[in-house]
Amino acid sequence: MGKILGRVAAVAAVVFLGYMLITGQVSIAWEKIIIYIIFIGGISIAAEILSRKQKKQDEKFWGEHQSDAPSFDTTDSLRATDMERTGAADSILYATDAGVPGRISDQGVVRAPAIIRGIVTFLLAFIWGMVLCVLMLAAMDGAFEDPENYGAFGILSAMPVLFTVGYFWLANNLFCEVYYTPQGVIVKRNRPQRQYRWSEIGRCTRYGYLHVFHDLEDKRLFITNSSYEGFDGLYDMYSRTHGSMV
């Protein structure tokens, strides 16, 4: 995804430069193109790094959980009821036939696209770099010697701090990674991962594309987005284990 967007951005940059050259706005064009390349290049690099990191993480995770057989948790009464209704043979076929077109795998991962996380990560690094450069230039110019500038520099310094707080909130909520298996889900955040069996998960509330999963005491467990790749598999497993509760 990141590579495709990078190529599209490169073509758009060439077209834009050609237009500016034809209309005689060369000086403006170069300034915009340089900024354009910095942003697109930085976002593409950040997305590529995240994609490789996610690939290694997935290989390690599934390597550690490859012994988890695609069996169903018969201790969960709701799941057992669902199996009785649909038929055990069909349930087993569903779990093991993930490679057949039209079948949804019984295990996978739900996460935000790497390009989205790449944009947010790049913006965080860009804002920190910009603010630090401004403060460094201001210090070299002696701006800190004037007490009247303290308020402005304080507000400027607060910008990357607030953005960092927002970044970690996104990482721990909307950008959390949810691995699902027939046994349950494992939620990976910046903080230590949490594991929940299907029998520990209660209702799911929807707010547009957002889906909030709760425990049996109605406390929030994790949030995910129905537009993320892998969500269909997660929600299908949730539906099968909770039957009429969905």
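Higher on the page you've got the structure.
What counts, and at which threshold
Residues numbered from 1 in each chain as written. Predicted model: local features only at pLDDT ≥ 70, side-chain atom pairs only at ≥ 80, totals over all residues. Heavy atoms only, no water. Helix = DSSP H or I, 4+ residues; strand = E, 2+ residues; numbered from the N terminus. Buried < 20%, exposed > 50% of the residue type's maximum accessible area, 1.4 Å probe, protein only. Contact = heavy atoms within 4.5 Å. Areas by Shrake-Rupley, 256 points an atom, 1.4 Å probe, with all protein chains shown as cover. 1 Å grid on protein atoms, 1.4 Å probe; cavity = no way out; pocket = protein on both sides within 12 Å on 5 of 7 lines; lining within 4 Å. Points joined across faces, edges and corners; volume = space filled by probe spheres on them. Nonpolar A, V, L, I, M, F, W, Y, C, P; charged D, E, K, R; others polar. Salt bridge = Lys/Arg side-chain N within 4 Å of Asp/Glu carboxyl O. Phe/Tyr/Trp six-rings, centres within 6.5 Å; stacked < 30°, edge-to-face > 60°.

Q: Please set out the overall build of the protein residue by residue, giving values where relevant.
A: The secondary structure content of the protein amounts to seven helices and seven strands. For the protein, the succession of helices and strands along the chain, N to C, is α-α-α-α-β-α-α-β-β-β-β-β-β-α. Within the span of the protein, comprising 246 residues, buried residues form 38% of the whole. Considering only contacts within the protein whose residues lie at least 6 apart along the sequence, 58% involve residues at least 24 apart. Of the roughly 14600 Å² of accessible surface on the protein, a fraction of 64% belongs to carbon and sulfur atoms.

Q: I'd like a description of the layout of surface pockets, backed by residues and values.
A: Counted as a void, the largest pocket has a volume near 320 Å³. As for the largest pocket, its lining consists of 15 residues, of which Val-109, Arg-111, Ala-112, Pro-113 and Glu-229 are closest to the centre. Mapped by element, the contributors of at least two residues to the lining of the largest pocket are helix H2 (26-64) and strand E1 (108-110). Tallied by class, the residues present in the lining of the largest pocket amount to seven nonpolar, four polar and four charged. Its boundaries defined by the atoms lining it, the second largest pocket holds a volume of some 270 Å³. Lining the second largest pocket are 15 residues; nearest its centre among them are Lys-53, Gln-57, Arg-117, Glu-177 and Asn-190. Breaking the lining of the second largest pocket down by element, the ones donating at least two residues are H2, helix H5 (114-140) and helix H6 (150-172).

Q: For the side chain of His-211, give the residues involved together with the corresponding values.
A: Positionally, His-211 belongs in strand E6 (residues 210-215). The class of His-211 is buried, set by a relative accessible area of 7%. The contacts of His-211, once residues within four sequence positions are left out, are Cys-204, Thr-205, Arg-206, Phe-222, Ile-223, Thr-224, Ser-226, Phe-231 and Tyr-235.

Q: If you had to explain the pattern of salt bridges to someone new, which residues and values would you point to?
A: Considering all chains together, one arrives at five salt bridges under this definition. Between Asp-218 and Arg-203 there is a salt bridge, with the nearest N and O atoms lying 2.4 Å from each other. Of this pair, Asp-218 sits in the loop between E6 and strand E7 (220-225) while Arg-203 sits in strand E5 (residues 201-207), and the two are 15 residues apart along the sequence. Residue class for Asp-218 comes out partly exposed when judged on its relative accessible area of 39%.

Q: Before we move on, could you go through the packing of aromatic side chains and cite the residues and values that matter?
A: Given two aromatic rings, their pairing is described by the distance between the two centres and the angle made by the two planes. Under the criterion given, the structure shown has eleven aromatic pairs. The interplanar angle of 85° and the centroid separation of 5.2 Å between the aromatic rings of Phe-213 and Tyr-238 together place this pair among those described as edge-to-face. Note that Phe-213 is positioned in strand E6 and Tyr-238 in helix H7 (residues 231-242), a separation of 25 residues in sequence. For Phe-213, a relative accessible area of 0% gives the class buried. For Tyr-238, a relative accessible area of 1% puts it in the buried group. Here a set of aromatic residues connected by ring pairs shows up, and it is made of Phe-213, Phe-222, Phe-231, Tyr-235 and Tyr-238.

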